[in-house]
Amino acid sequence: MKDYIRRFFIAGIMALCVSLLFLGGKHSKAAEPKIPELTEHWVWPADGVITDTFGTREGQHKGIDIAGDSGSPVYAVDAGIVSRSYYSQTYGNVIFIKHKNQTETVYAHLDKRFSAEGESVGQGQKIGLMGSTGDSSGVHLHFEIHTQAWTADKINAVDPSVAFGMGEVGQAVNAMMKDENAREVSARPSNFESGKIKNDFEETYHIVKTGETLWSIAAHYNLRAGEIADLNNINPDHIFSGQKLLIKPVKSLEYTVKQGDTLSSIAKMHDTTAETIKYLNNADSDTIKIGQILIIRKK
């Protein structure tokens with residue numbers, strides 16, 4: 001009888017332990033941070049094209065890579081406190097920011113760092129310049145998100161595409177913007193939107209803005225500076241702010257690249273092929289940039 005009572009008692013204890021474990025598991029799961037809700041107000045940290053995503057390299061890549069121009073600005077995705085700012089053999093010049101929602105973000109391979117440890121930064125504040133320092137094979141920003149805090153084993157890392165709602169290789173992203181309907185959080189002007197005119201008998205013109213050169217304008221439209229100079233009968237070294245330049249006299253169907261576009265998605269949208277678009281725009285790769293104007297087909 002005593003043996004029976006003892007067995008019954010042990011079984012009861014085991015059942016209680018299992019119940020506590022089950023309830024504890026449910027509680028832990030409910031307490032997990034919901035990244036999309038925590039980061040719905042965040043903005044992209046840099047202009048460029050996504051070249052690598054979370055979980056690649058046999059699961060060792062714990063962030064997202066955004067390739068852009070060397071020296072282009074890198075911005076804080078949200079306000080916070082700089083928890084680290086130093087040079088690492090792997091990350092190169094790197095900045096860590098701890099945010100109020102208890103996440104910590106990492107900005108690696110920077111050419112230069114503008115924010116020091118302990119500094120308070122605002123959302124959209126320029127914290128550095130894109131580069132290729134540390135263990136890097138080319139100019140890009142390596143960006144990570146960690147719940148609670150960064151650890152050496154990166155056990156708290158989460159996929160940035162969950163936070164931003166997109167993140168496929170080849171997609172163009174725009175710094176300071178989260179989606180097509182997002183607004184800029186700073187007064188940083190768009191590089192080309194205000195200078196583009198798409199009328200005048202369907203010819204394309206560009207209004208020169210302060211700081212632009214004929215070469216930077218030509219690069220935006222996939223042309224050579226000499227071509228624009230010849231069209232306008234001007235000296236390529238002498239342009240001025242407010243000048244109206246004829247860019248393309250040939251009528252054509254054109255498309256302005258927006259966030260999330262890929263060359264394949266644009267081709268499918270216009271019932272053509274990516275190779276045809278590349279040929280018409282004298283492009284050698286599938287890389288595109290937000291705001292870039294592509295010739296889709298000749299009329």
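Shown above is the structure to which this text applies.
Residues numbered from 1 in each chain as written. Predicted model: local features only at pLDDT ≥ 70, side-chain atom pairs only at ≥ 80, totals over all residues. Heavy atoms only, no water.

**Quick word on the overall build of the protein**
Thought 1: Assigned secondary structure in the protein consists of 8 helices and 16 strands.
Thought 2: Counting the 299 residues in the protein, one finds 41% classified as buried.
Thought 3: Within the protein, contacts between residues separated by at least 24 positions form 61% of all contacts whose residues are at least 6 apart in sequence. (Helix = DSSP H or I, 4+ residues; strand = E, 2+ residues; numbered from the N terminus. Buried < 20%, exposed > 50% of the residue type's maximum accessible area, 1.4 Å probe, protein only. Contact = heavy atoms within 4.5 Å.)

**Some remarks on the nonpolar core**
Thought 1: Formed by 26 residues in total, the largest nonpolar core has its most connected members in Ile97, Tyr107, Ile127, Leu141 and Phe143.
Thought 2: At the level of elements, strand S2 (64–67), strand S5 (92–99), strand S6 (103–113), strand S8 (126–130), strand S9 (141–147) and helix H4 (160–164) are the ones that each hand at least two residues to this core. (Core = buried A, V, L, I, M, F, W, Y, C linked by side-chain atoms within 4.5 Å.)

**Regarding the pattern of salt bridges**
Thought 1: Taken as a whole and judged by the stated rule, the model has 9 salt bridges.
Thought 2: Notably, a salt bridge pairs Asp286 with Lys278, separated by 3.2 Å at the nearest N-O pair.
Thought 3: Assessed through its relative accessible area of 47%, Asp286 is described here as partly exposed.
Thought 4: Each of the salt bridges in this network shares a partner with another, and the network as a whole consists of Asp52, Arg57 and Asp65. (Salt bridge = Lys/Arg side-chain N within 4 Å of Asp/Glu carboxyl O.)

**Thoughts on the side chain of His140**
Thought 1: With respect to the element layout, His140 can be found in the loop between S8 and S9.
Thought 2: His140 sits in the buried class, given a relative accessible area of 10%.
Thought 3: Among the polar contacts made by the side chain of His140, one reaches the main-chain carbonyl oxygen of Gly138 at a distance of 2.8 Å.
Thought 4: Here His140 is in contact with Asp65, Ile66, Ala67, Ala108, His109, Met130 and Gly131, once residues within four sequence places are set aside. (Polar contact = N/O pair within 3.5 Å; in protein donor to acceptor, adjacent residues only side chain to side chain.)

**Here's the deal with helix H6 (residues 225–232)**
Thought 1: Residues of H6 that are buried include every one of Ala225, Ile228, Ala229 and Asn232, and no others. Viewed end-on, H6 has its buried residues packed into an arc of 100 degrees, placing them on one side of the element.
Thought 2: Asn233 sits one or two residues past H6 and shows a positive phi near 55 degrees. (Arc of directions from axis to C-beta.)

**A look at unusual backbone geometry**
Thought 1: Although it is not a glycine, Gln148 adopts a positive phi angle of roughly 70 degrees.
Thought 2: Residue position: Gln148 is located in the loop between S9 and strand S10 (157–158).
Thought 3: Taking relative accessible area as the criterion, Gln148 reaches 46% and is therefore assigned partly exposed.
Thought 4: Phi is positive for Asn282, close to 55 degrees, though the residue is something other than glycine.
Thought 5: Structurally, Asn282 can be placed in the loop between helix H8 (274–280) and strand S16 (293–298).

Remember that the coordinates give geometry; whether it matters functionally is a separate question.
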